Amino acid sequence: MKKLNYIFLLVACTFTQAQVMITAGVTATPSPNRDAALELYSQNRNKGLLMPKVSLAATNNPSPLPSHIAGITVYNTNTATATALTSVTPGFYYNDGTSWNKLEVQTPTIGDIKHSSTATDHEGWYLLNGRTVSTLPAAAQTNATSLGFSTILPDSSDKFLKAKSASETLGATSGSTSVTLARVNLPSTTYNATTTSAGAHTHTYNDRASGVTDSVEGGNNQTVVDNDSQISTTASAGAHTHTYNLSTGGSSTPLNLTPKYLSTYIFVYLGQ
């Protein structure tokens, strides 16, 4: 003979002006919060909300739902890491209408850098102020050493950070606050200009040497009157150009590289 076990949970629902309260294990039903559409109430404060458990396939796959529905929240029990961008791991997920998004707190990792207006160490973040590593807590010392800070922390006062390349030493500082741009630093831009008369051109002149004598006066003096004068132009061989100077307006003034956020403090995360 099979024995069937039944577990009964006393659940009472109270409806007041479109407000719903679900209570568990209570003898007297309290009033629901007027600002809540749905309220869960545990008299002994020893019960919680158990979300529906599902097995998600990927963040871009609505399965086991027929389609993506914005607002749905579930607890995923599956691990699927075939594709890094769409992988899922156990935890709470909500759907935004196009994909699943995991609900989790983004915690910093050892070596993370941040800017802050706070001037002192806080919550595992240590100010990069050039102090000796031996003054840090033991756990922070170990993590600082793993990052290459074996003796002192870098001093970020009046400095800014840039990406590290393989040829650089972690924590090394160098350079200045300004640099002078050379012509090769300028954008590759072509400037077009024209002379007053565009391009190759000609000049006109009066040709008054035709040699035709239109009248001759007596005596040794003759007056040649050239009535056949004409306006001529230089030949094509006379085409020429005009040169001109165009100043860039530069004065070799150094470019200030001081960033605006130097008024903040730079911290490294070494753990708590």
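What you are looking at is a predicted structure, and each value in this text was computed from that prediction instead of being measured.

Conventions and cut-offs
- All residue numbers refer to position in the chain's written sequence, counted from 1.
- At least 70 in pLDDT is required for a residue's local features to be given in this predicted model, at least 80 for side-chain atom pairs to be given and counted, and no such filter applies to totals for whole chains, interfaces and linings, which use all residues.
- Each side-chain value is worked out from all heavy atoms of the structure, with water and hydrogens disregarded.
- Put simply, DSSP H or I for four residues or longer makes a helix, DSSP E for two residues or longer makes a strand, and each gets a number counted from the N terminus.
- In this scheme, a residue with accessible area under 20% of its type's maximum is buried, one over 50% is exposed, and one in between is partly exposed, where area comes from a 1.4 Å probe on protein chains only.
- The Shrake-Rupley method, run with a 1.4 Å probe sphere, supplies the accessible areas, and residue values consider only the shown protein chains as cover.
- Here, two residues are considered to be in contact whenever any of their heavy atoms come within 4.5 Å of each other.
- Any two strands are treated as partners once DSSP identifies two or more bridges connecting them.
- Each axis is a line fitted through C-alpha atoms, and for a helix only the stretch in contact is used; angles between axes span 0 to 180 degrees, taken between their N-to-C directions.
- Note on scores: pLDDT gives the predictor's confidence for each residue, bounded by 0 and 100.
- As used here, the term nonpolar core means buried Ala, Val, Leu, Ile, Met, Phe, Trp, Tyr and Cys residues forming a set that is joined through side-chain atoms within 4.5 Å.
- Each patch is built from salt-bridge-free residues with over 30% relative accessible area, joining like charges within 9 Å and nonpolar side chains (Val, Leu, Ile, Met, Phe, Trp, Tyr) within 5 Å.
- Salt bridge, as applied in this entry: a Lys or Arg side-chain nitrogen positioned within 4 Å of an Asp or Glu carboxyl oxygen.
- When the centres of two rings from Phe, Tyr and Trp lie within 6.5 Å, Trp using its six-membered ring, the rings pair. Their planes under 30 degrees apart give stacked, over 60 give edge-to-face, and anything left gives tilted.

Chemist: Kindly report on the overall build of the protein, identifying the contributing residues and their values.
Modeler: Helices and strands together make up the secondary structure of the protein, namely one helix and 14 strands. Here the protein holds 272 residues, and 19% of them are scored as buried. Total accessible area computed for the protein in this model is approximately 20600 Å², and 53% of it derives from carbon and sulfur atoms.

Chemist: Break down the environment of P52 for me, with residues and values.
Modeler: Along the chain, the position of P52 falls in the loop between β3 (38-42) and β4 (53-54). P52 gets classed as partly exposed once you look at its relative accessible area, which sits at 45%. Considered as a pair, P52 and N76 are 24 residues apart in the sequence and their alpha carbons are 8.6 Å apart. The residues touching P52, leaving out its near neighbours within four places in the chain, are T73, V74 and Y75.

Chemist: Tell me what's going on with the pairing of strand β2 (residues 19-24), and back it up with residues and numbers.
Modeler: Burial within β2 is extensive, with five of its six residues counted as buried. Across five bridges, β2 lies against β3 in parallel orientation. Residue pairing for β3: I22 is matched across the bridge by L40.

Chemist: Requested: an account of the sheet that holds strand β8 (residues 113-116), with residues and values cited.
Modeler: With antiparallel pairing, the three strands of this open sheet are ordered in space as β8-β14-β9. Here the strands that pair on one side only, and so sit at the sheet edges, are β8 and β9 (125-127). The average angle at which neighbouring strand axes cross in this sheet is 40°, direction not considered.

Chemist: An account of the sheet that holds strand β6 (residues 91-95) is needed here, citing residue identities and associated values.
Modeler: Ordered in space as β4-β5-β6-β7, the four strands form an open sheet in which the pairing is mixed. Taken across any chain shown, the strands that pair with only one partner, and hence form the sheet edges, are β4 and β7 (100-102).

Chemist: Before we move on, could you go through the confidence of the model for the protein and cite the residues and values that matter?
Modeler: Overall, the prediction assigns the protein a mean pLDDT of 75, with 63% of residues at 70 or greater. Ignoring residues within four places in sequence, the model shows residues 1-13, a span with pLDDT below 50, making 13 contacts including any to other chains. Predicted confidence is poor over residues 210-226, with pLDDT under 50, and the contacts of this stretch with residues over four places away or in other chains come to 16 contacts.

Chemist: Explain the nonpolar core to me, using residue names and the numbers behind them.
Modeler: By size, the foremost hydrophobic cluster in this structure holds 12 residues: Y126, L128, V133, L136, A140, A144, L147, F149, L153, I266, V268 and L270. Where this core is concerned, the elements lending two or more residues are α1 (138-146) and β14 (265-269). Contact partners of V268, with chain neighbours within four places excluded, come to G111, D112, I113, G124, W125, Y126, L128 and L147. Within the second largest apolar cluster, eight residues are counted, among which are L56, L65, V74 and Y93.

Chemist: Let's hear about unusual backbone geometry: which residues, and what values?
Modeler: S63 connects to P64 through a cis peptide bond whose omega is 15°. The topology assignment puts P64 in the loop between β4 and β5 (73-76). Of note, E123 is a non-glycine position whose phi angle comes to about 50°, a positive value. Relative to the helices and strands, E123 resides in the loop between β8 and β9. Assessed through its relative accessible area of 59%, E123 is described here as exposed.

Chemist: Which residues make up a nonpolar patch on the surface, and what values do they have?
Modeler: Together, I22, L38, L40 and L49 give the surface a local cluster of nonpolar side chains, amounting to about 380 Å² of exposed area. Relative to the helices and strands, I22 resides in strand β2. Overall, the relative accessible area of 30% leaves I22 in the partly exposed class.

Chemist: Any chance you could break down the pattern of salt bridges for me, citing the residues and the numbers?
Modeler: In the structure shown here, the tally under the stated rule is one salt bridge. Among the ionic pairs, R131 bridges to D121, the shortest N-O distance being 2.8 Å. Of the two residues, R131 sits in the loop between β9 and α1 while D121 sits in the loop between β8 and β9, which places them 10 residues apart along the sequence.

Chemist: Explain the packing of aromatic side chains to me, and be specific about the residues and the numbers.
Modeler: Evaluation of the coordinates by the stated rule reveals two aromatic pairs. Between Y75 and F92, the ring centres sit 5.2 Å apart and the planes meet at 80°, which makes this aromatic pair edge-to-face. Here Y75 is found in strand β5, whereas its partner F92 is found in strand β6, with 17 residues between them in sequence.

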